[in-house]
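What follows is each chain in one-letter form.
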Amino acid sequence: MKKKKGVVVFLVMIIAMLLLGYYSYGIVKGTAAKDNEKGIKLGLDLAGGVSITYQVKGDETPSAEDMSDTVYKLQKRVETYSTEAEVYQVGDNRISVEIPGVSDANAILEELGTPGTLEFKTTEGETFMTGEMVADAQAATDTSNTSSSKYVVQLKLTSEGAEIFSEKTGEYLNKVLPIYYDGECISYPTVQSQITNGEAVISGMSSYEDAEALASQIRSGALKLELEELQSEVVGAKLGSQAIKTSIIAAIIGILIIIAFMLIAYRIPGLAASIALLIYTGIVLAILHLYHITLTLPGIAGIILSIGMAVDANVIIFARIREEIAAGHTVAQSIDTGFKKAFSAIFDGNITTLIAAAVLGLRGSGTVKGFAATLAIGIVFSMFTALVISRWLVKALYGLGFQDKKFYGEKKERKSVNFLGKRGLFFGISLAVIVAGFVGMGAHKAGNGQALNFSMEFKGGTATTVAFDKDYTIEEIDDQIVPYVEEVTGDANVQTQKVADSNSIIIKTRTLDLDEREQLATAMEDNFGVQESDITSTNISSTISSEMRSDAIVAVIIATICMLVYIWFRFKDIRFASSAVIALVHDVLVVLAFYALSQTSVGSTFIACMLTLVGYSINATIVIFDRIRENMALESGRRDTDLKEIVNKSITQTLSRSINTSLTTFIMVFMLFILGVSSIREFAGPLMVGVICGGYSSVCITGALWYVFKTRFSKKKK
């Protein structure tokens, strides 16, 4: 690149960085102030929102199955407002809905509507299908038949509903099948053809708003139970302003440390990577702000992982450039060749993780969707900044006169470390840690009835609402009130929420028996002067329902299968794919062992931690496999090729990448652990273990696994 062109490109990048920096400063400032217009939209744990409590109509107590089904369907419904919305059972016949990022309960109630009874009838008045057979209903615009738009409602039915609907639409062809909501006819559609695939369209709406209103009523009626509003209120954040501020400070310090590391380790390319990283951070913040993506702790995990992967791509590229310089090529040639050779590892690693993010977003529920969204955004733009912006910057700096090899460094060929010779030791260490985890879970199960330290998000608990005589801040609640609650209940994972425009505080703990409730009430009376009449308690179900857990597990299984197929396709060898998946399972089991042995609370952040680990682990594995593939191709013509030496050589060549990427990602998480509030530390601790484990498995386990599979299950053994 010529000097003049280099100056122009470099100045353009600097201007882009400064503009994004100024814009990002406004976003960060707005986020810290919890201003959804100027900052990023925050989830219930960080900013609070609206809480609505519904009660089941009628005198009979509903069955546990009907309540569970209604909770799950209502959860899917409110996710249209936010993927981070929470729905859980309160007592025997109440359901609480918490929607983050909003402060107008009446507006939400009006939009959400009161869930009622939905019935599909024949013209003779016979009910042949009810709302529980409707899987989804959405407003849409259909332009397929005429030049003008048609507003329609698209229905998706359950398998049972599809079968019944197919029979009735065939029987009542060209006749009307009215839809009733709470006894009132809300739509009068005519059957134009038999519908056999469970997907129907109701047309004839005068506007999109009318279509949306009808779709909303149908979705509301797709619940097993009839509900009525009992109360609604605005609740404060679970973690408080301090959590946001410390997370922002931790992220800034972490990024600055990473920039310093990149400058020291990689010199001129490190400068390019640092500018690209700042541009990348600005782009991600802008996307989160412009598209109103809700950010929670799991979302922060996705961003941390994507920053680690953005640095990882640059580390791979710069290592390649140094190798080319050491091989005797010019700096200009080395830059071009380095980017080309690094492309396959970066592409495969990011695409594999993107596949996981896509599956999690489509199949997951609640916080899983939020994690998937931020992870996907991070992956796409980390690839762009590494492969495009970093390239422009490196070439621009070269054009500015930084053409001497000393500005880039040389990576001398080092003697291969015999990693495979120690594979028995590595396998033994991993097996011992995993077995210790299962033994620990077994011991805990025998001792207190639960293998892991499940929080109320998984097993439910007791919600105690206390009306105090003064307005406490979140920080004062954490310092003054929570210690008394922990002492009485023996629960180290107490959650608190303020009720807006009142002095009331909702205290959520493990399930308390009658004596424990009385002890807690006495503690509140003695230490804070509240009256017995100001304290109410009720049992609540888990906010992470069994269906949501099933969704998450199914999503991870499907994502793993998709990643396995992709790796198999790209590497043309099922042994690469199976080794990667086994290493992934290894990392998950090691972190699970940490949860078991340390008795770290297993809550919503547990899912986020495990999902982060899945993405991080597979990306690290791909880099080593890519180098093995390359070295095998280079050695394919030689008769004396030693497969063990190829694997050892490949791991050694990528060792600096494995260490540096693990280090930069660890720095980000470590800063969260040091500066974050207790809930964030509870999340960052296992994540640090996961980062260390991911680095260990990529170096010590994955190559060894592939070698074992290659030599044990190959027709031609070397």
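Structure's up top.
Before going into details, it helps to say that this report is about the structure given with it. (Residues numbered from 1 in each chain as written. Predicted model: local features only at pLDDT ≥ 70, side-chain atom pairs only at ≥ 80, totals over all residues. Heavy atoms only, no water.)

Things to note about the pairing of strand S14 (residues 504-509)
Among the six residues that make up S14, six are buried, leaving the element largely enclosed by the rest of the structure. Here S14 shows two buried faces, one formed by Ser504, Ile506 and Lys508 and the other by Ile505, Ile507 and Thr509. Inspection of the sheet shows strand S12 (residues 461-467) paired to S14 by six bridges, in the antiparallel sense. The residue bridging threonine 462 from the neighbouring strand is threonine 509, located in S14. (Buried < 20%, exposed > 50% of the residue type's maximum accessible area, 1.4 Å probe, protein only. Helix = DSSP H or I, 4+ residues; strand = E, 2+ residues; numbered from the N terminus. Pairing = 2+ DSSP bridges.)

Focus on the nonpolar core
Ranked by size, the top nonpolar core spans 100 residues in total, and within it Met262 and Leu277 carry the most contacts. Counting residues per element, this core draws most heavily on helix H7 (residues 241-290), at 22 residues. (Core = buried A, V, L, I, M, F, W, Y, C linked by side-chain atoms within 4.5 Å.)

A closer look at the pattern of salt bridges
Summed over all chains, the structure comprises 18 salt bridges. Ionic pairing is found between lysine 341 and glutamate 324, a salt bridge with its closest N-O pair at 3.0 Å. Highlighted residues: lysine 341 in helix H9 (residues 331-363) and glutamate 324 in helix H8 (residues 297-326), separated in sequence by 17 residues. Put simply, Arg320, Glu323, Asp348, Arg570, Asp626, Arg627, Arg629 and Glu630 are held in one network by salt bridges that share partners. (Salt bridge = Lys/Arg side-chain N within 4 Å of Asp/Glu carboxyl O.)

Remarks on the sheet that holds strand S10 (residues 199-205)
Strands in a sheet are paired, the pairing made by backbone hydrogen bonds, and the direction either parallel or antiparallel. The strand order across the open sheet built from three strands is S6-S7-S10, with neighbouring strands paired in antiparallel fashion. The outermost strands of the open sheet, each flanked by one partner alone, are strand S6 (134-142) and S10. For this sheet the average axis-to-axis angle between neighbouring strands, irrespective of direction, equals 20 degrees. Note that S6 and strand S7 (residues 150-157) share eight bridges and pair antiparallel. Among the inter-strand pairings, aspartate 142 is bridged to a residue of S7, identified as lysine 150. (Axes fitted to C-alpha atoms, helices over the stretch in contact; angles between N-to-C directions.)

Digging into the pairing of strand S1 (residues 49-56)
Where burial is concerned, most of S1 is hidden: eight out of the eight residues are buried. One ladder, built from seven bridges, connects S1 with strand S3 (residues 94-100); its direction is antiparallel. Residue glutamine 55 lies in a different strand from S3, and its bridge partner there is arginine 94. Here S1 runs beside strand S11 (residues 227-235); their pairing, made up of eight bridges, is antiparallel. Residue pairing across strands places isoleucine 52 opposite serine 232, the latter belonging to S11.

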